[in-house]
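Summary of the model geometry
Each chain, written out:
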Amino acid sequence: MTALPQTTAKKLGLVIDLDTCVGCQACVTACKGWNDQGAGLSDQDAYGANPSGTFLNRVHSYQVAVPDAPAQIVTFPRSCLHCEVAPCVTVCPTGASYKRAEDGIVLVNEDACIGCGLCAWACPYGARELDADQGVMKKCTLCVDRIENENLPEEDREPACVRTCPTNARHFGDFADPDSKVSKLVASRGGYDLMPDMGTKPTNKYLPPRKKGAADASPLAPLLDIKAKGIAGWLDKMLGNI
Amino acid sequence: MGQPKLNMSKPVSDEIRQTTCYMCACRCGINVHLKEGKVSYIEGNRDHPINKGVLCAKGASGIMQITAPSRLKSPLRRVGPRGSGAFEEISWEEALSTAVAWMKPLRETAPEKLAFFTGRDQSQSLTGWWAQNFGTPNYAAHGGFCSVNMAAGGIYTIGGAFWEFGQPDWERTKLFVMFGVAEDHDSNPIKIGIGKLKARGARVISVNPIRTGYSAVADDWIGITPGTDGLLILSLIHCLLEAGKVDLEYLAQWTNAALLINETEGAEKGLFVRNAESQPFVIDRRSGHPAPWDGKGVEPDLGAEWQGHRTVFRHMVEEYLKPDYAPEAVAARCGMTATRIHQLAAELAEVAFNQAIILDQPWTDFRGNEHANMPGRPVSFHAMRGISAHSNGFQTARALHLLQIILGSMETPGGYRLKPPYPKPIEAHPTPHFVTTPGKPLTGPHLGYVRSPDDLALLADGSPARIDKAFTWENPFSAHGLMHMLIPNAHAGDPYRIDTLFLYMANMAWNSSMNSAEVMKMLTDKDGDGYVIPRIIYSDAYASEMVAYADLILPDTTYLERHDCISLLDRPISEPDAAGDAIRWPVIEPDRDVRCFQSVLLDLGARMGLPGMVNEDGSAKFKDYADYIVSHQRRPGVGPLMGFRGDGTGEGRGAPNPDQMQRYIENGAFYQAHVPAEASFYKPWNAGYQDWAVKIGLYESPQPYLFNIWSEPMRRFQLAAEGFGPRQPPDHLRERLKQAMHPLPIWYAPFGDEDAAFGYPINALTQRPMDMYHSWGSQNAWLRQIKGSNSLYIPTKIWEAQGFEEGDWARVSSRAGVIVVPVAHMAALNENTVWTWNAIGKRKGAWGLDADAPEATTGFLLNHLISELLPDKGGARLSNSDPVTGQAAWFDQRVRVERVSAEDHRKGLSEPAFPQLPDPPRAGGGRGAK
Amino acid sequence: MHPAPSVILFSTLSGMGFGFLAFLGWGAMIPAGWWAFILWGIGYSLAVAGLMAATFHLGNPKNALKAFTQWRTSWLSREAWASVVTLLLLAPVALSDWLGLEWSRLPGQVGGTLAMVTVFTTAMIYTQIKAVPRWHHWLTPVMFLSFAIAGGATLSGQVWASAALLGVGAVLVAVWRVGDQAFAKAGQTMGTATGLDRLGTPTVFEPAHTAGNYLLREMIYVVGRKHVQKLRIIALVLVAGFPALILILPLGCVGIMLAAPVHLAGALAARWLFFAEAEHVVGLFYGKRG
Ligand SMILES: Nc1nc2c(c(=O)[nH]1)N[C@H]1C(S)=C(S)[C@@H](COP(=O)(O)OP(=O)(O)OC[C@H]3O[C@@H](n4cnc5c(=O)[nH]c(N)nc54)[C@H](O)[C@@H]3O)O[C@H]1N2
Ligand SMILES: Nc1nc2c(c(=O)[nH]1)N[C@H]1C(S)=C(S)[C@@H](COP(=O)(O)OP(=O)(O)OC[C@H]3O[C@@H](n4cnc5c(=O)[nH]c(N)nc54)[C@H](O)[C@@H]3O)O[C@H]1N2
Ligand code: SF4
Ligand code: SF4
Ligand code: SF4
Ligand code: SF4
Ligand code: SF4
Ligand SMILES: [Mo]
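Residues numbered from 1 in each chain as written. Chains lettered and ligands numbered in written order. Predicted model: local features only at pLDDT ≥ 70, side-chain atom pairs only at ≥ 80, totals over all residues. Heavy atoms only, no water.

**What about the overall build of chain B?**
Helix and strand counts for chain B come out as 26 helices and 36 strands. The principal-axis extent of the C-alpha atoms belonging to chain B is close to 85 × 80 × 70 Å. Looking at chain B as a whole, 70% of its 930 residues qualify as buried. Residue pairs at least 24 apart in sequence account for 70% of intrachain contacts in chain B once pairs closer than 6 positions are excluded. As displayed, chain B has an accessible area near 27,600 Å², and 50% of this comes from carbon and sulfur atoms. The positive charge centre, built from 92 side chains, and the negative charge centre, built from 105, are 3 Å apart in chain B. (Helix = DSSP H or I, 4+ residues; strand = E, 2+ residues; numbered from the N terminus. Buried < 20%, exposed > 50% of the residue type's maximum accessible area, 1.4 Å probe, protein only. Contact = heavy atoms within 4.5 Å. Areas by Shrake-Rupley, 256 points an atom, 1.4 Å probe, with all protein chains shown as cover. Lys, Arg positive; Asp, Glu negative; His and termini not counted. Charge placed at Lys NZ, Arg CZ, Asp CG, Glu CD.)

**Considerations on the site of ligand 1**
All names here are of chain B. Near ligand 1, the surroundings consist of 30 residues, among which Asn-208, Asp-229, Arg-385, Gln-767 and Met-772 are the closest. For ligand 1, an oxygen atom lies 2.7 Å from a polar atom in the backbone of Ala-182. Between Arg-385 and ligand 1, the recorded distance is 2.6 Å, taken from a side-chain N or O atom to an oxygen atom. Relative to its unbound accessible area of 910 Å², ligand 1 is 100% covered by the protein chains. (Near = heavy atom within 4 Å. Polar contact = N/O pair within 3.5 Å; in protein donor to acceptor, adjacent residues only side chain to side chain.)

**Some thoughts on the confidence of the model for chain C**
Segments scoring low in pLDDT should not have their predicted coordinates read at a detailed level. Residue-level pLDDT values for chain C average 94, and 99% of them are 70 or greater. Interface confidence in the predicted complex, given as ipTM, is 0.96; pTM for the same model is 0.97. (pLDDT = per-residue confidence, 0-100.)

**With respect to unusual backbone geometry**
Across the chain, the bulk of peptide bonds are trans and the bulk of non-glycine residues have phi less than zero. Residues and elements named next belong to chain B. Geometrically, the link from Pro-420 to Pro-421 is a cis peptide bond, its omega value of 10 degrees lying close to zero. Positionally, Pro-421 belongs in the loop between β22 (416-418) and α15 (483-492). Residues Asp-494 and Pro-495 are joined by a peptide bond in cis, for which omega reads 15 degrees. Structurally, Pro-495 can be placed in the loop between α15 and β23 (500-504). The phi dihedral of Phe-644 is positive, around 50 degrees, even though this residue is not glycine.

**Here's the deal with the sheet that holds strand β15 (residues 305-306) of chain B**
Read across the sheet, three strands follow the order β12-β16-β15 (chain B) without closing on themselves; strand pairing throughout is antiparallel. Because the sheet does not close on itself, it has two edges, and the strands there are β12 (260-261) and β15 of chain B. (Pairing = 2+ DSSP bridges.)

**Remarks on the interface of chain B and chain A**
Facing the 88 residues of chain B at the interface are 81 residues of chain A. Buried surface at the junction of chain B and chain A, both sides included, amounts to about 6,800 Å², of which 59% is carbon and sulfur. For B:Arg927, the salt bridge is made with A:Asp43, and the minimal N-O distance between the two is 2.5 Å. The tally of links between chain B and chain A comes to 37 residue pairs in polar contact (both at pLDDT 80 or more). By residue number, the principal contributor to the side of chain B that touches chain A is helix α12 (residues 338-354) of chain B, which donates six residues. Across the side of chain B that touches chain A, the residue classes tally to 44 nonpolar, 22 polar and 22 charged. (Buried area = accessible area lost by both parts, 1.4 Å probe. Salt bridge = Lys/Arg side-chain N within 4 Å of Asp/Glu carboxyl O. Nonpolar A, V, L, I, M, F, W, Y, C, P; charged D, E, K, R; others polar.)

**Looking at helix α9 (residues 225-248) of chain C**
Residues and elements named next belong to chain C. Taking 1.5 Å per residue, 24 residues should reach 34 Å; α9 reaches 33 Å between its end C-alpha atoms and fits that length. The axis of α9 is deflected most strongly, by about 40 degrees, at Val-237. Looking at α9, one finds that the buried residues are Val-228, Arg-232, Ala-235, Val-239, Ala-240, Pro-243, Ala-244, Ile-246 and Leu-247. Turning to α9, the residues buried within the fold contact α5 (139-155), α6 (161-186) and α10 (253-276). (Expected span 1.5 Å × (residues − 1). Bend = angle between axes of the 7 residues up to and from the residue.)

**Points about empty space enclosed by the protein**
Residues and elements named next belong to chain B. Space inside the second largest cavity adds up to approximately 140 Å³. Taken together, 16 residues form the lining of the second largest cavity, with Trp-510, Lys-842, Ala-856, Gly-859 and Pro-912 sitting closest to its centre. Classifying every residue of the lining of the second largest cavity gives seven nonpolar, four polar and five charged. (1 Å grid on protein atoms, 1.4 Å probe; cavity = no way out; pocket = protein on both sides within 12 Å on 5 of 7 lines; lining within 4 Å. Points joined across faces, edges and corners; volume = space filled by probe spheres on them.)

**Points about the interface of chain C and chain A**
On the chain A side, the residues contacting the 57 residues of chain C number 60 residues. The largest contributions to the chain C side of the interface with chain A come from C:Leu199, C:Tyr214 and C:Phe285, which together make up 15% of the buried area. Our count for the chain C to chain A interface comes out at zero salt bridges. Here chain C is connected to chain A by 29 residue pairs in polar contact (both at pLDDT 80 or more). Of all the elements in the fold, those that place two or more residues in the side of chain C that touches chain A are α3 (75-99), α4 (106-127), α7 (190-194), β1 (201-206) and α8 (214-218) of chain C. Of the residues in the side of chain C that touches chain A, the class split is 30 nonpolar, 21 polar and six charged. As judged from the five bridges shared by strand β4 (residues 58-65) of chain A and β1(C), these two strands associate in the antiparallel manner.

**What to know about the environment of B:Asp540**
Locating B:Asp540 in the fold gives a position in the loop between β26 (535-539) and β27 (552-553). Along the sequence, B:Asp540 and B:Pro555 sit 15 residues apart, while their C-alpha atoms lie 5.5 Å from each other.

**Let's talk about the nonpolar core**
Within the largest apolar cluster, 328 residues are counted, with the highest numbers of intra-cluster contacts made by B:Trp130, B:Phe313, B:Phe502 and B:Leu604. Apart from residues no more than four positions distant in its own chain, B:Trp130 is found in contact with B:Met103, B:Leu114, B:Phe116, B:Phe502, B:Leu601, B:Leu604, B:Gly605, B:Met608, B:Leu610 and B:Met613. Formed by 132 residues, the second largest nonpolar core is a distinct cluster that contains C:Leu58, C:Ala153, C:Leu215 and C:Ala235. (Core = buried A, V, L, I, M, F, W, Y, C linked by side-chain atoms within 4.5 Å.)

**Considering the sheet that holds strand β21 (residues 379-383) of chain B**
Residues and elements named next belong to chain B. Here we have four strands laid out as an open sheet, ordered β11-β10-β9-β21, and parallel in their pairing. The open sheet has two edge strands with one neighbour each: β11 (220-222) and β21. Neighbour-to-neighbour, the strand axes of this sheet turn through a mean angle of 15 degrees, independent of strand direction. Here strand β10 (residues 203-207) runs beside β11; their pairing, made up of three bridges, is parallel. Bridging across to β11, Ile-205 finds its partner in Asp-220. (Axes fitted to C-alpha atoms, helices over the stretch in contact; angles between N-to-C directions.)

**As for the domain arrangement of chain C**
Interface size is commonly expressed as the accessible surface area that is lost when the partners come together. Residues and elements named next belong to chain C. When the domains of chain C are assigned, the result is domain 1 (1-128) and domain 2 (131-290). For domain 1 versus domain 2, the separation of C-alpha centres amounts to 22 Å. Taken residue by residue, the interface counts 28 residues in domain 1 and 35 residues in domain 2. Where domain 1 abuts domain 2, roughly 2,700 Å² becomes buried across the two surfaces, and 79% of that area is made up of carbon and sulfur atoms. Together, Met-1, Met-16 and Tyr-126 form the three largest contributors to the area buried by domain 1 at its contact with domain 2, with a combined 30%. Linking domain 1 to domain 2 there are zero salt bridges. Where domain 1 touches domain 2, the interface holds five residue pairs in polar contact (both at pLDDT 80 or more). Counting only elements with at least two residues in the side of domain 1 that touches domain 2, the list comes to α1 (5-26), α2 (33-56) and α4. Broken down by element, the side of domain 1 that touches domain 2 gets its largest block of residues, eleven residues, from α1. Looking at side-chain class alone, the side of domain 1 that touches domain 2 contains 19 nonpolar, nine polar and no charged residues. (Domains from an automatic or database assignment.)

**Comments concerning the site of ligand 5**
Near ligand 5, the surroundings consist of A:Cys92, A:Pro93, A:Thr94, A:Ala96, A:Ser97, A:Cys113, A:Ile114, A:Gly115, A:Cys116, A:Gly117, A:Cys119 and A:Met137. A breakdown of the residues in the shell around ligand 5 according to their chemical character gives eight nonpolar, four polar and no charged.

**Brief notes about the packing of α1(C) against α10(C)**
Residue and element names in this part refer to chain C. Remark: α1 packs on α10, axes separated minimally by 9 Å, with the N-to-C direction vectors making an angle of 135 degrees. When the axes of α1 and α10 are compared, the pair comes out oblique. Crossing handedness for the pair α1 and α10: right-handed. Judged by residue contacts, Val-7, Ile-8, Leu-9, Ser-11, Thr-12, Leu-13 and Met-16 of α1 engage Ala-260, His-263, Leu-264, Ala-267, Leu-268, Arg-271, Trp-272 and Phe-275 from α10. Of the residues belonging to the contact of α1 with α10, the class tally is eleven nonpolar, three polar and one charged. (Parallel < 35°, antiparallel > 145°, perpendicular 65-115°, else oblique. Left-handed = near helix turned anticlockwise from the far one by under 90°.)

**Observations concerning the packing of aromatic side chains**
Enumeration according to the criterion identifies 70 aromatic pairs over all chains in this entry. Here B:Tyr773 and B:Trp776 contribute two aromatic rings whose centre-to-centre distance is 5.0 Å and whose plane-to-plane angle is 85 degrees, an arrangement assigned as edge-to-face. Just as B:Tyr773 is buried, B:Trp776 falls in that class too. Residues B:Tyr793 and B:Trp835 carry aromatic rings whose centres are separated by 4.8 Å and whose planes lie at 25 degrees to one another, so their mutual orientation is stacked. Placement of the pair is B:Tyr793 in strand β32 (residues 792-795) and B:Trp835 in strand β35 (residues 833-837), with a sequence separation of 42 residues. Among the aromatic side chains, those forming a connected cluster through ring pairs are B:Phe116, B:Trp130, B:Phe134, B:Tyr139, B:Phe502, B:Tyr504 and B:Phe597. Across the ring face of B:Tyr22, the terminal group of B:Arg562 is positioned such that the distance to the ring centre comes to 4.6 Å. The ring of C:Phe144 is capped by C:Arg271, whose NZ or CZ atom sits 4.2 Å from the centre of that ring. (Phe/Tyr/Trp six-rings, centres within 6.5 Å; stacked < 30°, edge-to-face > 60°. Lys NZ or Arg CZ within 6 Å of the ring centre and 35° of its normal.)

Spelled out as structure tokens, the structure:
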């Protein structure tokens, strides 16, 4: 099972728009809530000095020194990228890690996992966390249990993080389909891969922040020289126009 | 081994119950999933008008809130000294009879000796009504320390406000400018809106000393010097006027720009010139003669000069064309370049005037003039506490509304839109009521909008009627009271002593007070053999810092365990296109001996025989809060909820319907009354809107009005300060009133700036984290992993000057105190500003957290640096507030920052550190509990 | 990377064990009787103790048998097979040596080679991890194999053992020199990790979470440079210099009994460094090259 499928019919994944993400962390707890449902993602020392827990999605924030402009802050959600060449899968000794042939989703079969942690080592993106209570590997499932769940209304068959994102900075779709929303967004906004040189061919793409700064509107021309003509002159000129 | 076959269609839950979130005042709709009677998952309700399915980080982790071990579990009576945290558990009967025994005698002798104040209360129409019937003048909610500048600045100017009372026309706006917004109450709607703009590629600009969150995604960021927004805005107005880029038609039709200002020296100077019917009037351009301001077909002449009286417009132009407002004159003070101001003005003008839009929607105005369409200027603004929480915030808020007015964008397509029950003129609001009669209710609501010195809440001897000194010469327009002055004034006995302090969900012994350390002392301070504040009753749901300081605790339910109502009488969930209200209902039953506070309040009211809460025979009128919500009527046919009234079809008006609650539950816990299409814009002047508003009971008759560029109520206070009128301010306040109560929006330096001269040059701010709600987020096992401690962010210039390195600590001092805290570097920050996240620091032992939790060891509050009083100048105890509204001036704060020595640094603990609070009896359990 | 005692013990003990077993299998020394029992026993104990230690690293050891299924793709699975097959193949030889059964030594030749293959598969578990540039280099298997050879040579009393030990020292020096450049050479930065190099130079503004998590504990372990230099010298002395010196002295068996544990201690130190110094690219997201 740890062999990667040659190709997958669909390439399901996320587009994350860094121009829109405000770093609200909603996707973080929505993900935790959906995948926890009682005990799925454990927490340790929850009210103590060193709390720790399993999350499948975490939102970082960076400060970027930009040449000739003020520094920028970019908030940056990080979860599994469902790589096409997923090193986390091939290293797995048990076959617990696999990439689905039909849609490319990378999953862990927890019933088969020995918790060796090797897949987490292999992932360059820190997308896998070993659950301290259960001893098995956890990762973003792209909400497989939502996107095909017939108990959910059609419109809800999307990942929990996408559904909750208040700014709509997260988009879910099929990258194999060039006409899908995600493919179009990537094409029009210059969607990119993280650490492309790692050779993982991530499915998820990030949209870069748009260029920032003052607009180049043409400056306002004064109506007249107020010093010379006075307020009365200004009023005449203005009100004469109505 | 093949790919495992997964069951993709596992049932999500046994049942979904729809109610309203409570982790902040945004009030999103939620679907609560239950498995075996327990909450298993919470998601947003897609059909809900506020959040349309999305949830924020807090809302999505609501499970951790309702299972937090910090939940109180039974009524408590203090047994040790106050602040020691020693309590015994008592029965509800005991708790209620104790409360009645304390309060009832006060009502019969001196009702003002009870002060009832509420924090992040979402039931102010009930709590206010209760206090009114008790008869104490001392009631307010948290608005005074929150954003009353925003509310009052807006209501006095446009009859609506920022805060959550309106929103940009997200669908049409092309340029959106934010001033000082981190999160606001409209958390999800603003995010949804920004998302829409981003999807369209519309432009977003943020004016904010700190570039995080919304400011981080904004297309342009202006890292303004705190407290100078007013100056920037007036300079923009200067540029627009100079270039003639103002909407004259809009000004003439919809604002008081064409009214005439009395120029005659004396008691009328600066007020509107009025006709024989006491109506202000305009000069009709067609005739050159006076004409009624609301006359059909009248073309008001903005430039009129009539019998020596000039229009508001002329005054305005003269004021703002002064060179003092030129970009070159103000830029340095605002921390930006003059070019930048010119650019911004040009951008505003470009979008407002060259990219104007027209909505093909005929409508009729209140004068009877018919309009074929709705022209719009797609520039919109939003502002919040960055403007509001300064001592010049009221005037700055007014200035920003003026900017929107001269651009002609307010209430037009693409601009800023108000949400019902707004727009609403000042005249439609009550004035303050404060006259006490033992054993009797007040004659009206406490909080209101002052029109003139006559409305001030002063006793016959001129002393303040209210414990917080709201509606006095110190803060005449304090429409939300001054909660931050409650404890300091009660402690000082200024203006008088009280007996019982009754608080509801306000963490006054910690993050919600200025000068928290001193406030804790005031709460425990003794006078002879008793406490200076003799009795404190408090309702909280959790083991907050405040709990230790109360004598009697009335433990509340959590938000999924009770009824609630989000009412049009209070702060509803309306949208510009619909009036909306909502409910909460017990989707789960509490597993502890706790009661819904509102039900308890009604019970107390009934036990004390308060009018409205008892039947003729003295029995309780309402079974509980749910019963009140459904059957109480404020006016005949108008009650807390507008939907499904009468036989179930009544909207806004109608007899109480016993099925109403059930109908709300079936409808997803909310109701919306939609604004007709022809009424959707130009609401203050739109006859269609006015009629609709009357129909659904927002008011009893149409209330069209003009926007107040010139504020007569303010001018009346200036006149008093100048010596006119029977009611005169004390001399030490005359100059301050003359300045602050200027009838046109103006700017003056925030009072806090004076501290710069005393060695505290740096501005110190706080911001709300999007993923925490004040003090209550830390008990949430998920959220506290995200933000369990805070640092003070330091701009590059100070960082380098002080030689800071990663992991360093700093001593931060102000004229009120000193804190020692961890620091971090931030380049995307105004160069003279430091800041931290609000309310991350916790007192050791509170909130059910271990004593060594990072919140209590390295986490810290800025509040210890913020004094609730201005420096003593000649013996006056003036609050650190806006002189107009009493809004707490949190963000005026100035500090000094010094890198601390290696020894201090190594201690690794924030200072000041307070003794650990003992654990009150609480529910326990929680995440990870076996 | 977190220098977990279980993985350090696993890789060092089993490395030395399989190294020694290889020499025994190849017949570099052919002990007999109880002596054989002891020597083969040492080899087996080291190898098996190492493998046992490895299971302590598992979060869910009850599924351990499943680790044999993915030999086609997974080096860890291959290692499982290789180690078991090696141990099984060598068993008759060991038995034969102990009990003087004089069975064919052929399984010993094959098993000895497989023991080296086992060490190689162990090394490949680390080598294959591209996300840890320090490991992702052909010197990693060279290093593991040289440890196994030197350990085996020492234990089996080969005359050239001191040379082998010095060889390991040389390999270690090479591994460190190359390793110190590896992260930079891999070219990953916070900029490429986040793609924000498009904009400018990113640094961490706020942590994604103030609380700890698995990634920080497991992948982002920061060691002080000062400690590293000290430890490297200690490791070098213990792995190579000191035991080589001992072996040169005419101490015979006693020499081996002294040199081997010293070498093993050095190997543990070197292996601690192997993990502790290894920086995973995920640290880039956290602004920590751990
Ligand atoms: N997640 C979350 N949401 C909340 C709350 C919460 O605790 N958590 N609290 C709720 C409450 S009670 C309130 S009142 C609202 C408040 O909502 P906001 O007004 O958004 O709250 P603050 O965090 O106080 O943000 C003030 C912003 O103003 C900026 N600022 C400070 N001084 C100046 C200035 O002089 N000029 C300008 N232009 N900007 C300035 C600060 O940098 C900050 O970004 O949020 C509500 N919503
Ligand atoms: N430095 C600094 N300080 C500030 C501000 C700032 O910007 N900077 N902002 C100020 C502002 S705008 C505000 S509004 C205040 C916020 O001040 P508060 O209104 O005091 O807000 P909280 O800290 O959330 O405290 C609310 C209390 O209500 C309790 N509570 C929560 N849920 C329930 C419930 O269901 N029932 C009951 N009975 N109690 C409940 C909580 O446990 C908590 O003790 O903080 C102010 N303090
Ligand atoms: S929910 Fe959306 S906006 Fe919020 S952090 Fe996640 S991606 Fe960003
Ligand atoms: S992001 Fe990591 S866990 Fe996800 S597929 Fe890629 S390598 Fe595997
Ligand atoms: S931890 Fe589990 S999923 Fe990951 S490699 Fe090991 S067995 Fe496979
Ligand atoms: S797709 Fe599902 S599992 Fe993955 S990050 Fe989003 S919510 Fe979490
Ligand atoms: S913004 Fe968040 S916390 Fe506030 S009501 Fe909505 S979901 Fe709840
Ligand atoms: Mo507030």
